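Working through the structure, step by step
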Amino acid sequence: MTSPPHADPMATAAVTIAPASGLSSRTGWDVVESAFRPDLTVPSGSNFLVGNGYLGYRGTFEEDRQDGFVACVVSDTYDMADGKWQELCNAPNGLFTSLSIEGELVSPASGTVDDFERRLDLRHALFSRRLTWRSGGPAATISSERFASLSDIHLLAMRYTVTLDRAADLDLSTGIDGRVWSLNGDHFSDCRAEQVGDRLVMTATMRESGRNLVVAEALIAPALAGLPVSEGDRQIVRSGSVPVPAGDALELVKLVAIYSGNDVADPRAAALAGLDRALAAGYDRLKADHAAAWDAQWADTDVRIDGDPVAQVALRFCLYHNIIATPAHSDHLPVGARGLSCQAYQGAAFWDQEIFNLPAFLFTRPAVARALLTFRHKTLDGARGKARRLGYRGAFYAWVSGASGEELCPDFFFKDVLSGRPIRNHFNVWQIHVSPDIVYAIRQYWRATGDWDFIVEFGAEIVFEVARFLVSHAYFKEDKNRYELIRLLGPDEYHENVDNNAFTNHMAAFALHTAAAIHERLATENAERLAALAKSIDLDADEPSTWTRVGDRMYLPEPDPETRLIPQFDGFFGLADRRPDEVRQDLKDPGEYWGWPNGVAVHTQVSKQADVVQLFCLHDVFDDAVVRANYDYYEPRCQHGSSLSYSAHALVAARIGHADQAYDYFLRTARVDLENTAKAVSGGTFIGGIHTAACAGAWQVAVFGFGGVRLVDGALAIDPRLPERWSALSFPIAYRGGHMTVTATRDGVTVTADPNNPAPLPLRVAGVPVDLAPGEAFGPQSARSTS
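Attention in this report is confined to the structure presented alongside it. (Residues numbered from 1 in each chain as written. Predicted model: local features only at pLDDT ≥ 70, side-chain atom pairs only at ≥ 80, totals over all residues. Heavy atoms only, no water.)

So, on to unusual backbone geometry. A cis amide bond, omega 0°, links Trp596 with the succeeding residue Pro597. With a phi angle near 55°, Glu102 is a residue other than glycine that sits in the positive phi range. Looking at where Glu102 falls in the secondary structure, it is placed in the loop between strand E9 (97-101) and strand E10 (104-105). In the Ramachandran plot, Tyr345 falls in the positive-phi region, its phi being about 60° despite a non-glycine side chain. Residue position: Tyr345 is located in the loop between helix H4 (309-325) and helix H5 (352-362). Overall, Tyr345 belongs to the buried group, its relative accessible area being 16%. (Helix = DSSP H or I, 4+ residues; strand = E, 2+ residues; numbered from the N terminus. Buried < 20%, exposed > 50% of the residue type's maximum accessible area, 1.4 Å probe, protein only.)

Take a look at the structure:
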């Protein structure tokens, strides 16, 4: 799509969007913090992040150092410093700039601060801050703006201005600060600083790989020419006393280029060349190019809500963060569970990537979805290696996967906060649903795009190897003539070592049948490719029939004929029937982990997150009566200890007509970061940062839940059901190589096809089959629908 994003006639007065955090919006496209909250230092740094999929620079202040949780997290810099956690590196801070007046640091944490504002412009991904500071001497007004360029992903740019109400000398320091915040150890064995002409360069060597991460900085500030450069203690800065007349603005522009040895062979040369290009363009041109790239992004992505400004801003905030967390520039990198907002969850892919993040790109920018699935092909050897180590065939994907596909999830993820002893969790060996989840995403990609070439080139190999793994994991019960999956961990992570988790078994059967179907089509249409693939992976001729047999006989827990309830796993209904608030009273410490092996929820029916409910989000195989009965049963027993849980509940609530609950859960997922409602620490482990899957889940609720979009046999169904307070909902959709805009109002739904579409789009609009021709509109006001 090429049309610009919607202009918003939002209220001129600020609308409060997150009362607990004191956040508001003035335009429908911004998030504004109007008072400094030291207690929110960590979440505010995440919320006001700028990024571009290659790097993420936290929304901290220019004068902040590592104790202010400054971070510039760079993709594809996985490193282990402590012998346990392999995580992304925080690059040396090239935007560091501090001011002192009469010996006192100018900062919102000191002195008297007036006119404070921290703002994130979502439309063009611009961070800005403003404050007036005084402490006995002259008052200083600081304003700054920064962006992580979307048109040149290795570039950070900042404009910084200070004005004094009376003449004074400022003590200024600006350069590169290599003393970075890091969760799990010092990732740099060496940091070398140098001055190259008028540029500053810091080369940090990563411990594990020995590769370099280079930060190069250029300063544009004629008034600061000649400031002496000093280096030491992992920093290189220009510093000195600068006279500033009353009322005159002292302005400086900083350009920072960042490259690692995983990007190019010579990251130092690349960073210096990147600075040359940026200096030639200048700040204003760089900003314009960046804004144009974001205009194009929003034209494909923006979801417009009329009648509910809070939901509108919260959703755009989520879309923004899902975009900047995703390495759209690469087909060998994952979407991290906390994106690039910090090092939590190691910058790695979980099942979140396929089940939550990917659909938001599949129906807006399908090339990005293809790249994310290609990443799973590139990490297939890692999945094969994991399966072999655990005694299985095929591909068992890492629960936590970085660029190599090796399992990054440690055996001991949490600790017992009462005893201090580590807890052996089994996310990395029993949570097998990650593999069929990937197959599910591949099948959805194929259905939504018709991209059979991807299946031929990449998808088939993934699917076949996952099918092999599932066959080798399945356990045949001769007395029941069925296959079972035992010793599992489903989406509900509080209950480990369970048998026949309903979600996992359904996903496994789906994956096995998908493998058989793809093999059959390859045999018919791509026999040569199939023969080559079979030879390369040593595929026996009888394996596809085995996939069908095991899939057909896989035990799928069925609804009880009377209650219609599906057991989450064998024996679930024999556990203590308690509610989360009751169980919380059993805690001896609020930081206790609730799950395996002896957490307060283990022997109860309290779940961490949607499990059976999650099944209904993906598979439309149960009637509404069964879905409603299970939702009504499991919903009050869910603790929502995962940010993934809210969107799943919202999707299912919307389907069964629980409109108020659907809307409430939508707001909870859309504001999980804005309101800082999720745990920052669980079982002694830091898990803060932006919840990227929840962000993408908010898109799913808006488009799949309230927009009523879903894939059906051979078509895309669109049947909206708007929340009561929404007067209209509009969003772009990419499908089968074409694009369309869906607009739902109280009068019905109109779907308009892009005139440049290559062919008619097969749709089912409000139950009516339609082949929508290029440029055609179908809806209440269209001639076709009334003819």
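Here the narrative resumes.
Every α-helical turn comprises 3.6 residues, leaving residues that sit three or four positions apart pointing alike. Compared with the 24 Å implied by 1.5 Å per residue over 17 residues, the 24 Å span of H4 between its first and last C-alpha is a close match. Counting buried positions over the 17 residues of H4 gives 16, a clear majority of the element. (Expected span 1.5 Å × (residues − 1).)

Time to look at the pattern of salt bridges. For side chains bearing opposite charge, pairing can occur when the charged atoms are close. For the coordinates displayed, the defined rule picks out 51 salt bridges. In this structure, the salt-bridge partner of Glu62 is Arg146, at a minimum N-O distance of 3.2 Å. In this pair, Glu62 is assigned in the loop between strand E5 (55-57) and strand E6 (72-74) and Arg146 in strand E13 (residues 140-148), connecting sequence segments 84 residues apart. Owing to a relative accessible area of 0%, Glu62 belongs among the buried residues under this scheme. Overall, Arg146 belongs to the buried group, its relative accessible area being 1%. The partner of Glu543 in a salt bridge is Arg393, with the nearest N and O atoms 3.6 Å apart. Residue Glu543 is found in helix H13 (residues 543-553), and its partner Arg393 is found in the loop between helix H7 (380-389) and strand E23 (412-415); the two are separated by 150 residues along the sequence. Judged by its relative accessible area of 7%, Glu543 falls in the buried class. Arg393 gets classed as partly exposed once you look at its relative accessible area, which sits at 43%. Among the charged side chains, a salt-bridge network with shared partners connects Asp381, Arg384, Arg393, Glu461, Glu465, Arg468 and Glu543. (Salt bridge = Lys/Arg side-chain N within 4 Å of Asp/Glu carboxyl O.)

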